[in-house]
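# Report on the structure
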Amino acid sequence: MELTREDKKILHRLQSNFPLTPHPFRTLAEELGLEESEVLRRTRAMAEKGIFRRLGPIIDTHEMGNTASLMAMRVPEGRIEEVSRTINAYTGVSHNYLRKGKNKEIPYNVWFTMSAPNKQELVRLIKEIEEKTGLEVRNLPTTKKFKIGVKFNIYSGE
Amino acid sequence: MNIEKVVTSKTTDQVDIKLLKHIQDGIPLVERPYKEIGEALGMTEEEVISRIKGLLETKKVRRFAASVAHRKIGINSNAMCVWRVPSDRVEAVGKVMAGFPEVTHCYERPTFPDWPYNLFTMIHGYADGECERVIEEMQEKTGVKDYVILYSEKEFKKTGTRI
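## With respect to the domain arrangement of chain B
When its domains are assigned, chain B resolves into domain 1 (3-57) and domain 2 (70-150). The centre of domain 1 of chain B, based on its C-alpha atoms, is set 36 Å off from the matching centre of domain 2 of chain B.

## Comments concerning the interface of chain B and chain A
Facing the 69 residues of chain B at the interface are 66 residues of chain A. Every element with two or more residues in the side of chain B that touches chain A is listed here: helix 2 (14-23), helix 3 (33-41), helix 4 (45-57), strand 1 (61-68), helix 5 (90-98), strand 3 (103-108) and strand 5 (147-158) of chain B. Sheet topology places strand 6 (residues 144-148) of chain A next to strand 3 of chain B; 4 bridges connect them, and they run antiparallel. Looking at strand 3 of chain B, one finds that A:Ile148 is bridged to B:His105.

## With respect to the domain arrangement of chain A
As assigned here, chain A comprises domain 1 (5-48) and domain 2 (67-140). With centres defined by C-alpha atoms, the gap from domain 1 of chain A to domain 2 of chain A works out at 38 Å.

## Describing the environment of A:Ser69
Residue and element names in this part refer to chain A. With respect to the element layout, Ser69 can be found in strand 2 (residues 67-73). Judged by the 20 C-beta atoms lying within 10 Å of it, Ser69 is buried. With 53 residues separating them in the primary sequence, Ser69 and Leu122 have C-alpha atoms 8.5 Å apart.

Quick notes on the rules
Residues numbered from 1 in each chain as written. Chains lettered and ligands numbered in written order. Predicted model: local features only at pLDDT ≥ 70, side-chain atom pairs only at ≥ 80, totals over all residues. Domains from an automatic or database assignment. Contact = placed C-beta atoms within 7 Å. Helix = DSSP H or I, 4+ residues; strand = E, 2+ residues; numbered from the N terminus. Pairing = 2+ DSSP bridges. Buried ≥ 20, exposed ≤ 12 C-beta atoms within 10 Å, placed from the backbone.

In structure tokens, the structure reads:
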């Protein structure tokens, strides 16, 4: 889908903060100098084409009292699909990727993030995955956050 | 006095949980989404709005917004880059790296005998090779030379944080 100038204007606003007003699309439209019906139509079209995944709350696991961490595993080539399926079956898993070092060899290939209601539960889930797969899980929790905020520069691709 | 609010600010009440579970995969794209959500949950439109505002204030919701599928808008150069930074320089280097607009995430994580890389960065760019160019610049600005670029070869799962 080719995004028009109007789509980009809308998308830029949608990824920052969506109005918490009774008529949020009207609020957006007034801000951007467009019609409410046009903003709604374009937003729906972008949602249908998968330009954005969802419009809603971006939940902070930590502030909700939950705990989350990045995990890394060294999975033998022939078992990657099977092990990923085991990992993905956990609802706390939000990301799971097969990764490769470009300029250097690294000891892990499967990387996933997992959250749990508390630390003990996370440790228990890690143990469970280790038992199910017979492989070691390396837990790499965040010790310091310098930046978190997936906002993209919508315009610089022009 | 707002004593009750102070006391309960760290805990999330059941109504908030119910609301978050209902909207975590996205609100309806209609003229009055909060009214529709309220009708489904037996709440008024005002209550839905004020609860979302409350969740933003207590930072349980980081943002109320759209999650852009970056690959779909042409951001095709994506990499995770991990750096081996001396522990006494992590603070300074982390701040410099976080200052790059192409860097969306910058975290410190523990090291292990087989894993010496303590600073993790996610980099997103439009043009092919943009990540390498940014990584080159990050190197020059910080003087950190030991790093690995990790490309994702396959995405097995990607959802937002759900409760």
